[in-house]
Amino acid sequence: MRDTNKRSNFKKLPLFVAVAACLYGPAAIAQEADESESAEATTQTRPATELDRITVTGSLLRRVEFDSVSPVQVITADTSVAVGQVDTAEFLQKSSVAAGSTQISHQFGGFVVEGGTGVQTVSLRGLGENRTLVLLNGKRPGPAGTRGQVGAFDLNVIPSTVVQRAEILKDGSSSIYGSDAVAGVVNLITRKNIDRPEISVSTRTPFAGGGESFTVSGATGWNFDNGNVVLAGEYFVHKPLTIGDRRFFRCPDDLAWDQNGNRIDRQDRSIIGDTRLGGCSAGNLYANTIIDAAFGTRYIPSPDGVTIGPFPGYRPRTNGTYANGGQAYYEDVLNFDFINDSHVINRQERKNIYASADFSFGNVNWNTEFLYNRRETDVRGVRQFFPLLGGATAVIPGYEYANSPDFVTPTDSGLAQVVMPFTMDQNVNVDYYYLSTGLDGLFTSTDTWAWQANASYSRSSGDYGILTIVGSRSGDVSWDDDAPTLNYFDPCFLSGECMDQLINEIAEWDWGNTVYDQFVFNAVVTGEMFNLPAGPVGAALGVEYRKFSIDDQPGALELADDRWGLTSAQPTKGDDTVKEIFGEIEVPILKGVPGFEALVANVSARVFDYDSVDDRDSVWKAGLSWQIVPALRVRATKGSSYRAPGLYELYLGNLSSFTSQLGLDPCIDWGNSTNDNIRRNCGAAGIPADFTGGPSSAQVFRGGGAGFLKPETSDAFTTGIVWTPTFAPLSIALDYFEIQVNDQIATLGANAILGSCYAADVYPNAFCDMFERNAPDAGVAPNAITEVYATYVNINKQKVRGYDLLARYENDFAFGSLEVEGNFTYTLEDVTQLFDDPRAGGSSISDFVGHFGRPELVGNLRTSLKRGDWTYTWFMDYVSSTKHLTDSPTFTYFGWENAVRDIVAESRLYHTASLRYEQPKWSLLVGVRNVFNDEPPTISGGLTNTSRYGNVPAFATQYDWYGRTLFARLNYKF
């Protein structure tokens, strides 16, 4: 163990020194507090300026939230395990400060996310994962992931077996932590002392099947007179949760009612209408269709077997509406058996190795840690393949095959789009390395001035592959000079039954690689400058240097722009360097005066110098802690934060891709859309209701913003009251928060641009200026989208404000030790504004509190009773209801006036129960999550800009998709 004299000297350092120590170096000071210190901390009231108030382990940690000037929430690993949370990402994403917004996890395999498929990040306050800084033992590890948009820390790399706790700082803190600490900071603290080998085995198994997870981990340690070594390993696998695993995913419906509450969903009169696949009116996948690309006729499998037209077994579609007293129905095929195998939550496999060493050599302490992680993510899905076929009889010149001049497409126009299913499989493999080492000690001439110096290096190398349709082999006349080698008009291909043959003929895996490197060095000196009547004035001064780079090399097909239906990119390669100087001072103003038990002011500042930014910039933060009486304290902070453009935002490889009109243009066949805005706005643009789309793909331009992007800045304010009465073992903290991000950096995708133009409440709007569309009377391809412009830009602002409530009760009774803890976040305002006037962005609102994925109130309440060897836990997790804020619950549904739809996702209160039995050498935990098997809420199809899995909002990550789930963990110490 370390020299106890040195440890007692460190305990005298002031609060700001403790913060700096936690951030920049000797985190082991905290972890090595012995049992007597922890026990003493639970029974004595110590001054708020002592180090152990911030960093020591034991029960005092559970009170750190109430002792700091800034609002802090602490989550222990043992608590998370007791409520069935299986990994680091989950217990952070489910915390109240994060749960009020969408969190990125491996359930987004079908979406483009920053960091690539399978990445798991945390976004505090809903401000984005790139505005939440994640630290490991007070140090900044580099991000991990794939593709050109790597920027945020991937929580997959942290093995849960070594995490002791997470400290979440809930306000902007760039003056202390540097860039990215806009919404707050998550500091993950690992175990530092393991006295004997141990092994743990855990599992989580939903009663309904699907989404099972399994973890096995081991750890050991060696303790010496002057330090210790820890070594741990972990294997984790999460099996996929598929569409077929849950009934609320399998069959998406329109969910429409008349005014009397009777369902009026369209009838399914397709060839699958009377089968178990039928009746899914909102559709899983639109396919098995042939479209005359010039004249618009759509041929569907004939429900009565009668052939009309050139394709055996097919005839023109005759969908019906309720107009003029008719019946609404559809003949399109909207569901397929193989859809059930598509992943909603992807398969994930992880292997981790972690090692740390912590030693004292005379007056100098040395600490180092190493982390290796291997992540493998597999995605299985299905998408559309709809090549444009031309030929010798095409009515529009230029749509013939150069190498197949005699090929003829048998439609009236000689042009066709054949819509068929195709697999959407992806594999991602990421190797992550992190090494950190540091020295710290006291200056020999004083017992109050300390120093620390730290260096760290991280490297992420990720391979990403996708099963790709090769454009030059696709038979699409826009890509290929050769006519199709397969008969795409064969029902076997149109229905997906011959998908394997299609894959063998036109597809191959395309692999790319992304490397992200980061080096960090910092040094800090801390100490007491002089004494005032109220106590010593402390100061901290430090410097930091960071260099980071990204090198993303897309696959050969992507580089060659030969991937049908997918974007193509050029390499993303660039680096940046930042040099920073920072300081902090804490001044005790009053102490021991009536009404002022203690009044302490804290001020910090940091200056940035980025190579990528023309000018230097600076941020500041001021805090005030007023202990009115021993039981009551008021605290407040105000300051600014800063985020420089990320490497991918600056250097994302310029790309020009071609996107099919069918997958891009919301005005195609808008007469059959259930979205009121699309019908109104597309009609106002003069586009025909049965518009089939342009015959050729639209060109989409994307790229980084180097040369014109400027850094984000933000302003944050918090104020709160902390009550710790002497008559009861109770602690309550109520804090108000307000954060505004200015000049926020964002990118707008091509689909989002088109959707925001035509599906918006306000039309036309600024999004309509970001693409080009041919005029209705154009001689060639009238109304077709030709170009879309999507790059990283500085948008107007994002602002959140609300309240956090943290309450804890702990007491010992004759029947056992009782602990009750509650955490709640109530959001008053959640503004995202792309332009000065929100209506310019196509929205009549800018405050999205209560929208899907952004609930007004989230919170949890945990009750734990320890009685002898047994610990009983009951946990409740609450999510308030949300709704679509702009769509009306009444609408016109295929000619039915004043139809009613469900635009509300109801609130949920989930319950978890667990039982833990402990012995000196082993322990067993068994529990059940979602005890009452509450399903996620569902909403109607066709709501504006709302993605769904089945009828469940896809981005409302607050809800449980697993259902009632058994979890268990066995731990054994040798």
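Quick notes on the rules
- Residues numbered from 1 in each chain as written.
- Predicted model: local features only at pLDDT ≥ 70, side-chain atom pairs only at ≥ 80, totals over all residues.
- Heavy atoms only, no water.
- Pairing = 2+ DSSP bridges.
- Helix = DSSP H or I, 4+ residues; strand = E, 2+ residues; numbered from the N terminus.
- Axes fitted to C-alpha atoms, helices over the stretch in contact; angles between N-to-C directions.
- Core = buried A, V, L, I, M, F, W, Y, C linked by side-chain atoms within 4.5 Å.
- Buried < 20%, exposed > 50% of the residue type's maximum accessible area, 1.4 Å probe, protein only.
- Contact = heavy atoms within 4.5 Å.
- Disulfide = S-S within 2.5 Å.
- Phe/Tyr/Trp six-rings, centres within 6.5 Å; stacked < 30°, edge-to-face > 60°.
- Lys NZ or Arg CZ within 6 Å of the ring centre and 35° of its normal.
- pLDDT = per-residue confidence, 0-100.
- Salt bridge = Lys/Arg side-chain N within 4 Å of Asp/Glu carboxyl O.

### Considering the sheet that holds strand β3 (residues 163-169)
Adjacent strands of a sheet form backbone hydrogen bonds with each other and so pair up, either parallel or antiparallel.
Right, so step 1: Taken together, the four strands give an open sheet; going across it, the order is β1-β3-β4-β2, and neighbouring strands pair in mixed fashion. Edge positions in the sheet fall to β1 (72-76) and β2 (132-136), since each has one partner strand and no second. Taking each pair of neighbouring strands and ignoring which way they run, the sheet shows an average axis angle of 15°.
Right, so step 2: As paired strands, β2 and strand β4 (residues 184-190) are joined by five bridges and run parallel to one another. Looking across to β4, one finds that L133 is bridged to V185.

### A short note on the nonpolar core
Right, so step 1: In this structure, F249, F385, Y488, L502, F771, V788 and W961 are the most contacted members of the largest nonpolar core, which totals 94 residues.
Right, so step 2: With residues near it in sequence (within four places) discarded, L502 still touches F385, M420, P421, F422, L486, Y488, F493 and A507.
Right, so step 3: Formed by 37 residues, the second largest nonpolar core is a distinct cluster that contains F91, A98, L136 and Y434.

### Re the state of the cysteines
Right, so step 1: Following the criterion strictly, the structure yields four disulfides and no others.
Right, so step 2: Across the disulfide, C492 is cross-linked to C498 (sulfur-sulfur distance 1.7 Å). For the disulfide bridge between C492 and C498, the dihedral angle about the S-S bond is near 80°, and by the sign convention the bridge is right-handed.
Right, so step 3: In this model, C667 is linked to C682 through a disulfide, with the two sulfur atoms separated by 1.9 Å. The S-S bond linking C667 to C682 shows a torsion near -80°; that makes this disulfide left-handed. Separated by 15 residues along the polypeptide, C667 in the loop between α16 (661-664) and α17 (676-684) and C682 in helix α17 bring together distant segments of the chain. Each of the two residues, C667 as well as C682, counts as buried.
Right, so step 4: Here the bonded cysteines of the chain are numbered in sequence order, and their pairing is 1-2, 3-4, 5-6, 7-8.

### Some words on the packing of aromatic side chains
Right, so step 1: Per the counting criterion, the structure on display carries 36 aromatic pairs.
Right, so step 2: Plain terms: the ring middles of F813 and F815 are 5.0 Å apart, the flat faces sit at 5° to each other, and that makes the pair stacked.
Right, so step 3: Residue F813 is classed as partly exposed on the basis of its relative accessible area, which comes to 35%.
Right, so step 4: Of the residues examined, F815 reaches a relative accessible area of 41% and is grouped as partly exposed.
Right, so step 5: By way of ring pairs, the aromatic residues Y322, F891, Y893, F894 and W896 are connected into one cluster.
Right, so step 6: The lysine or arginine in question, R263, covers the ring of W257, its NZ or CZ lying 5.9 Å from the ring centre.
Right, so step 7: The side chain of R901 reaches across the aromatic face of F891, ending 4.3 Å from its centre.

### Focus: helix α18 (residues 750-758)
Right, so step 1: The buried fraction of α18 amounts to seven of the nine residues, a majority that puts the element mostly inside the structure.
Right, so step 2: Buried within α18 we find A750, I753, L754, G755, S756, C757 and Y758.
Right, so step 3: Buried residues along α18 sit in contact with α16, α17, β30 (698-702), β34 (771-773) and β35 (785-789).

### Brief notes about the sheet that holds strand β43 (residues 896-901)
Right, so step 1: Spatially, the three strands line up as an open sheet ordered β9-β43-β42, and their pairing is antiparallel. Pairing within the sheet leaves two strands with one partner each, and these edge strands are β9 (256-257) and β42 (890-893).
Right, so step 2: As paired elements, β9 and β43 share two bridges and run antiparallel to each other. Of the residues in β43, the one forming a bridge with W257 is V900.

### Looking at the confidence of the model for the chain
Right, so step 1: Predicted confidence across the chain gives a mean pLDDT of 88, with 91% of residues reaching 70 or more.
Right, so step 2: Ignoring residues within four places in sequence, the model shows residues 1-66, a span with pLDDT below 50, making 167 contacts including any to other chains.

### Thoughts on the pattern of salt bridges
Right, so step 1: The tally for this structure, following the rule as stated, stands at 52 salt bridges.
Right, so step 2: In this structure, R147 engages E558 in a salt bridge whose closest nitrogen and oxygen atoms are separated by 2.5 Å. Linking R147 in the loop between β2 and β3 with E558 in helix α14 (residues 556-559), this pair joins segments that are 411 residues apart in sequence.
Right, so step 3: Owing to a relative accessible area of 28%, R147 belongs among the partly exposed residues under this scheme.
Right, so step 4: Exposure remark for E558: the relative accessible area of 1% places this residue in the buried category.
Right, so step 5: Across the pair D575 and K547 runs a salt bridge whose closest N-O atoms are separated by 3.8 Å. With D575 in strand β25 (residues 572-593) and K547 in strand β24 (residues 535-553), this residue pair connects regions lying 28 residues apart in the sequence.
Right, so step 6: Connected via shared salt-bridge partners are R131, R643, E649 and E712.

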